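What follows is the residue order along each chain.
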Amino acid sequence: MNEQAFMRLSPITQKSFNGYLCYANIQKNVPDYGIYRNFLRVIKLWAKRRCIYSAMFGYLTGISCAVMVAKIHQDNPDYDVADLVYKFFQVYSSSDWKEPISIHIE
């Protein structure tokens, strides 16, 4: 969908595309989508098993996990999934949570 067609949609319809557009941008901007997808699965599973994966209570959500995982993968493009998981916990355990997490979009 091009930008002009998107802008002709109603605001409610545009909001319904936000998740899709965000994931599409992430997919285009991670070094290896296969590694990213597996890395994201591991982090989501970890969060669900610890009961900290819930938008209702302000915990991690799909999009927050996706952005956090994409950031680690962009910063370490040559790592495999196991190394990325280790790096994820290393980085975010000492993170300043007042600073927003953002990924590089081209």
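For the structure, see preceding data.
Residues numbered from 1 in each chain as written. Predicted model: local features only at pLDDT ≥ 70, side-chain atom pairs only at ≥ 80, totals over all residues. Heavy atoms only, no water.

## Comments concerning the overall build of the protein chain
In plain terms, the rule: Secondary structure elements are taken from DSSP: a helix is a run of H or I of four residues or more, a strand is a run of E of two residues or more, and numbering for both begins at the N terminus. Throughout, the Shrake-Rupley method with a 1.4 Å probe supplies accessible areas, and for residues the shown protein chains are the sole cover considered. His residues and chain termini do not enter the charge count, which takes Lys and Arg as positive and Asp and Glu as negative. Positions of charges follow a simple convention, taking NZ of Lys, CZ of Arg, CG of Asp or CD of Glu.
The secondary structure content of the protein chain amounts to six helices and zero strands. Counting from the amino terminus, the protein chain carries its helices and strands in the arrangement α-α-α-α-α-α. With the principal axes as the frame, the protein chain shows a C-alpha extent of 45 × 35 × 25 Å. Of the roughly 7,500 Å² of accessible surface on the protein chain, 56% is carried by carbon and sulfur atoms. For the protein chain, the separation between the mean place of its 12 positive charges and that of its 9 negative charges on side chains is 12 Å.

## A look at unusual backbone geometry
Despite not being glycine, cysteine 51 has its phi angle at roughly 55°, a positive value. With respect to the helices, strands and loops of the structure, cysteine 51 is situated in the loop between helix H4 (33-49) and helix H5 (62-75).

## Some remarks on the environment of valine 85
Checked against the element boundaries, valine 85 lands in helix H6 (residues 81-93). The sequence separation of valine 85 and phenylalanine 39 amounts to 46 residues, and the corresponding C-alpha distance is 6.8 Å.

## Focus on H6
Using the following cut-off: Helix span, expected: 1.5 Å multiplied by one less than the number of residues in the helix. Per-residue accessibility, obtained with a 1.4 Å probe over protein chains only, is compared with the maximum for each type, and a residue is labelled buried under 20%, exposed over 50%, and partly exposed between these values. Taken from the helix axis, the directions to the C-beta atoms give the arc we talk about. A contact between two residues is defined here by any heavy atoms of the two lying within 4.5 Å.
Here H6 spans 18 Å end to end across 13 residues, near enough to the 18 Å set by a 1.5 Å rise per residue. What H6 keeps buried is the set Leu84, Val85, Phe88 and Tyr92. One face of H6 carries all of its buried residues, which in axial projection span an arc of 100°. Summarising the geometry of H6, the exposed residues directed more than 90 degrees from the buried face are Ala82, Tyr86 and Ser93. Along its buried surface, H6 packs onto H4 and H5.

## Here we look at the packing of aromatic side chains
The description of two aromatic rings rests on the distance between their centres and on the angle between their planes. The condition that has to hold: Aromatic rings from Phe, Tyr and Trp, with only the six-membered ring used for Trp, were paired whenever their centres fell within 6.5 Å, and each pair was classed as stacked if the ring planes differed by under 30 degrees, edge-to-face if by over 60, and tilted otherwise.
What the rule picks out here adds up to seven aromatic pairs. Seen from their ring centres, phenylalanine 6 and phenylalanine 17 are 6.3 Å apart, and the 80° between their planes marks the pair as edge-to-face. Taken as a pair, phenylalanine 6 in helix H1 (residues 3-8) and phenylalanine 17 in the loop between helix H2 (11-16) and helix H3 (18-29) lie far apart in primary sequence, 11 residues in all. For phenylalanine 6, a relative accessible area of 17% corresponds to the buried category. Chaining the aromatic ring pairs together yields one cluster made of Phe39, Trp46, Phe88, Phe89, Tyr92 and Trp97.

## Quick look at the nonpolar core
Put simply, the rule reads: For the purposes of this section, nonpolar cores are sets of buried Ala, Val, Leu, Ile, Met, Phe, Trp, Tyr and Cys residues that join through side-chain atoms within 4.5 Å.
Ile26, Tyr36, Phe39, Val69 and Phe88 are the most contacted members of the largest nonpolar core, which has 20 residues in total. Only H4, H5 and H6 provide two or more residues apiece to this core. At seven residues, H5 tops the list of elements feeding residues into this core. Apart from residues lying up to four places away in sequence, valine 69 is in contact with Tyr36, Phe39, Leu40, Ile43 and Phe88.

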